[in-house]
Amino acid sequence: MKELLSYVEDTTDRFAAQAKSPLIRQIHQKVNEVKQNPKMEVEYMTLMQRDRENIELGREEGRQEGVKIALEIIRLHLDGKTEQEIALLLHLRTDDVRQFLVDYEHSRG
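Within every chain, residues take consecutive numbers counted from 1 along the sequence as written. Since the coordinates come from a predicted model, pLDDT governs what is reported: local features require at least 70, and pairs of side-chain atoms require 80 or more to be given and counted, while whole-chain, interface and lining totals use all residues. Side-chain measures were taken over the full set of non-hydrogen atoms in the model, leaving aside hydrogen atoms and water.

(A) Region of the structure containing the confidence of the model for the chain. Confidence of the predictor at the level of single residues is captured by pLDDT, which takes values from 0 to 100. Chain-level statistics for the chain give a pLDDT mean of 92 and a share of 100% at 70 or above. Ranking the elements of the chain by mean pLDDT puts helix α1 (residues 2-9) last with 85 and helix α5 (residues 83-90) first with 97. Numbered from the N terminus, helices here are DSSP runs of H or I no shorter than four residues, and strands are runs of E no shorter than two.

Below is the structure:
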């Protein structure tokens, strides 16, 4: 197992050639076959692009959710709710609500 993890970090011909486990050499042979297959390269690039798009989509959804929470914290604060009440209502940590409100008040001047 240790040698396999080392191979994952150092997927080179040199490492595979000196590996004690025949399984490492077999895996390395398959890795090289996949790398040299044009169809696999296109599929890999397609999957990589899809992953990038999904990551960006997740970031955008996270930003939108963050804005919603920020607006809700401000609304509740302006309604006179305490930091503890806001935290309970929004299922947040009181320290996070407090820090957000400090930053919010500071940004207002």
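There is more to say, and it comes next.
(B) Here's a closer look at the packing of aromatic side chains. Ring geometry is summarised as follows: Phe, Tyr and Trp rings, the Trp one being its six-membered ring, pair when their centres sit within 6.5 Å, and such pairs are stacked at plane angles under 30 degrees, edge-to-face over 60 and tilted between the two. This model, assessed by the stated rule, comprises 2 aromatic pairs. Considering the side-chain rings of Y7 and F15, the 6.2 Å spacing of their centres and the 35° angle between planes classify their relative orientation as tilted. Like Y7, the residue F15 is buried in the burial classification. Relative accessibility under 20% of the residue-type maximum defines a buried residue, over 50% an exposed one, and the middle range a partly exposed one, all with a 1.4 Å probe and only protein chains included.

(C) Expanded view of the packing of α1 against helix α3 (residues 22-36). Simply put, an axis is a line fit to the C-alpha atoms, just over the touching stretch for a helix, and the angle between two N-to-C directions goes from 0 to 180 degrees. Between α1 and α3, whose axes approach to 11 Å, the crossing angle comes to 25°. Considering their axes alone, α1 and α3 lie roughly parallel with respect to each other. Of the two elements, α1 crosses α3, and the hand of that crossing is right-handed. Taking contact as the criterion, the partners of E3, L4 and Y7 in α1 are, on α3, I24, I27, H28 and V31. For classification purposes, angles smaller than 35 degrees are called roughly parallel, those larger than 145 roughly antiparallel, those between 65 and 115 roughly perpendicular, and all remaining angles oblique. Left-handed describes a crossing whose near helix is turned anticlockwise from the far helix by less than a right angle; the clockwise case is right-handed. Residues count as neighbours in contact if any of their non-hydrogen atoms are within 4.5 Å of one another.

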